[in-house]
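The lines below spell out each chain.
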Amino acid sequence: MVDDAILEMRAITKEFPGVKALSDVNLTVRRGEVHAICGENGAGKSTLMNVLSGVYPHGSYDGDIVYDGEVVRFGSISDSEKAGIVIIHQELALSPYLTIAENIFIGNERASGGWIDWSKTETDAAQYLSRVGLNDNPATKVMDIGVGKQQLVEIAKALSKEVKLLILDEPTAALNDDDSAHLLDLILELKNQGVTAIIISHKLNEIKKVADSVTIIRDGRTIETLDARSDEVTEDRIIRGMVGRDLTHRFPEHEPKIGGELLRISDWTVHHPLDRERVVVDHANLVVHEGEIVGIAGLMGAGRTELAMSVFGRSWGIDISGTVLKRGQEIDVRTVQKAIKHGLAYATEDRKQLGLNLIEDIARNISAAALEQLARAGWVDRNREHVVAEQYRREMNIKAPTVSALVGKLSGGNQQKVVLSRWMYTDPDVLVLDEPTRGIDVGAKYEIYTIINRLADEGKGVIVISSELPELLGICDRIYTLSEGVITADIPRSEATPERLMQYMTRIREEDHV
């Protein structure tokens, strides 16, 4: 055991039927450091952490885990938690119907004589919440707080288990910039308190901010471990290790071929479904041309997703007014079916909850939005469905052995390709892509960008909503900025900078209300 190491994972090999997910992986984590694990989707990062935390119990993998100087054989998550190892998954494990305090101590109740001491439960919960910088009442139900605060509740829950080694799997994937910054500061504060952390993240700028060391995993194997504090360890250096090659350009070269006006959204206004007085989208005007990639930039809560969903079959909002014109003719988009019929498609930002059926296979997911194209006498032609799905599997480079593979077993990047395949099969004229690369690695992002360019080259209009300004600047021909439901600017690519976009994302001009 390395002298200052709290953890060594030696020659870890993990196989699933027909797939070797990990092959002789080695990992050493020093006591009191923040250790990042980087790799493309499907590289084996989460699998390795599931081995460590007992999700995959001893006996289901080969190799040794040495923790705190001793070889350990965890049979379950509870075994690893008793040893002080706590994992927080990307999909948070909180009950929305229980209070913050109940969630913190679930399975670890403050009880005596078979009865829960509710006073002690809330008092102790308040102390742990204070440590993570959350001032909410412990009696508040989890459903009534945002995702950023829920992440803090998960960390408070870990602290209540006397955590020594905290594992965070994509902790900021669903957070806005402010919540992400707070969480990263908290990780550094916990480090000062003696808590060792392992963080899995695709956000390389965040890794550079908090990590002391970076281990890169590619195709189920350890590639290297880097000293993140070294000036030589740049984002490009990490990327080269992840993908096995230099990405001299993170965005593919693209020469736009922009044609005539394709879609025009005029005077579009949307009210909140729970508060009719609240205007969420305020008299928005937006134009997309054939072959054009149009970005929508805005801070969290600006109304980006609400605008897209309200146009796509009025999937969100009430008291919606305004017009949608396609090639100069007004179209009826009052239902999802009508929107699809008129050539609109919307790929949601929440692919796991709203965009995919995770317990169905690739073929069923791809065909779901256009079953009528496969139906004969009211019955879906499954053979034809399989042929179509296989065509998209090859064209989109979906990494799965067959189209019968369950979507829930795919990596985030491959799931996103399934979402895109579904909407491409409807043969839309306009695709709205809401956070199309959220939670996927740089290699998969490049592939998604290439697909977006290809769609534009086919003459389709593409609207990209993204929280990442470099992404919008890298792939879009024009960018609209949105602030508090108001479109504040329409900026061509040649004039767009991060500073200018942020300027318009954070203010509302008087003339926008005229």
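Residues numbered from 1 in each chain as written. Predicted model: local features only at pLDDT ≥ 70, side-chain atom pairs only at ≥ 80, totals over all residues. Heavy atoms only, no water.

An unreviewed UniProt entry lists the protein under the name Sugar ABC transporter ATP-binding protein, with Gryllotalpicola daejeonensis as the source organism.

Asks: Looking at this model, I keep getting lost on the overall build of the protein. Mind explaining?
Replies: Each helix and strand in the protein was counted, giving 17 helices and 24 strands. Structurally, the protein occupies a C-alpha span of about 70 × 55 × 50 Å along its principal axes. Counting all 514 residues of the protein, 52% fall into the buried class. Of the contacts formed within the protein by residues at least 6 apart in sequence, a portion of 66% connects residues at least 24 apart. When the accessible surface of the protein is split by element, carbon and sulfur atoms take 47% of a total near 23000 Å². Of the charged side chains in the protein, 59 are positive and 80 negative; the average position of the first set lies 4 Å away from that of the second. (Helix = DSSP H or I, 4+ residues; strand = E, 2+ residues; numbered from the N terminus. Buried < 20%, exposed > 50% of the residue type's maximum accessible area, 1.4 Å probe, protein only. Contact = heavy atoms within 4.5 Å. Areas by Shrake-Rupley, 256 points an atom, 1.4 Å probe, with all protein chains shown as cover. Lys, Arg positive; Asp, Glu negative; His and termini not counted. Charge placed at Lys NZ, Arg CZ, Asp CG, Glu CD.)

Asks: Whenever I open this one, the sheet that holds strand β16 (residues 318-326) confuses me. Can you help?
Replies: Working definition: the strands of a sheet are paired by backbone hydrogen bonds and lie parallel or antiparallel to each other. Read across the open sheet, the four strands follow the order β14-β13-β16-β17; overall the sheet is antiparallel. In this open sheet, the two edge strands, each paired with only one partner strand, are β14 (275-289) and β17 (329-330). As paired elements, strand β13 (residues 261-272) and β16 share six bridges and run antiparallel to each other. Looking at the pairing, His-271 lines up with Ile-318 of β16. (Pairing = 2+ DSSP bridges.)

Asks: Even after reading the chapter, I still don't get helix α13 (residues 382-395), so can you show me in this structure?
Replies: Two residues of an α-helix separated by three or four positions point the same way, owing to the 3.6 residues in each turn. With 14 residues, α13 should cover 20 Å at 1.5 Å per step; its first-to-last C-alpha distance of 20 Å lies within 8% of that length. Those residues of α13 not exposed but buried are Glu-385, Val-388, Ala-389, Glu-390, Tyr-392 and Arg-393. Residues of α13 that are buried in the fold lie against α12 (362-367), β20 (379-380) and α14 (412-425). Looking at where α13 begins, the residue whose side-chain oxygen comes 3.1 Å from the main-chain nitrogen of Asn-383 is Asp-381. Positioned one or two residues after α13, Asn-397 has a phi angle of 55°, which is positive. (Expected span 1.5 Å × (residues − 1). Polar contact = N/O pair within 3.5 Å; in protein donor to acceptor, adjacent residues only side chain to side chain.)

Asks: How do you make sense of helix α8 (residues 235-243) when you look at a structure like this?
Replies: Along α8, the residues that are buried comprise Ile-238, Ile-239, Gly-241, Met-242 and Val-243. In the core, the buried residues of α8 are packed alongside β3 (34-38), α7 (204-210), β11 (213-218), β12 (221-227) and α15 (442-457). Where α8 ends, the next residue or the one after it, Gly-244, has phi of about 80°, a positive value.

Asks: For this particular structure, what's the right way to read the sheet that holds strand β10 (residues 196-200)?
Replies: If you walk across this open sheet you meet the six strands as β6-β9-β10-β3-β11-β12, and the pairing is mixed. If you trace the sheet from one side to the other, it starts and ends with β6 (85-88) and β12, each paired once. Direction aside, neighbouring strands of the sheet carry axes that sit 20° apart on average. Sheet topology places β3 next to β11; four bridges connect them, and they run parallel. Of the residues in β11, the one forming a bridge with Cys-38 is Ile-216. Each of β3, β6, β9 (165-169), β10 and β11 touches helix α1 (residues 45-53); the most contacted strand, β10, lies at about 145° to it. (Axes fitted to C-alpha atoms, helices over the stretch in contact; angles between N-to-C directions.)

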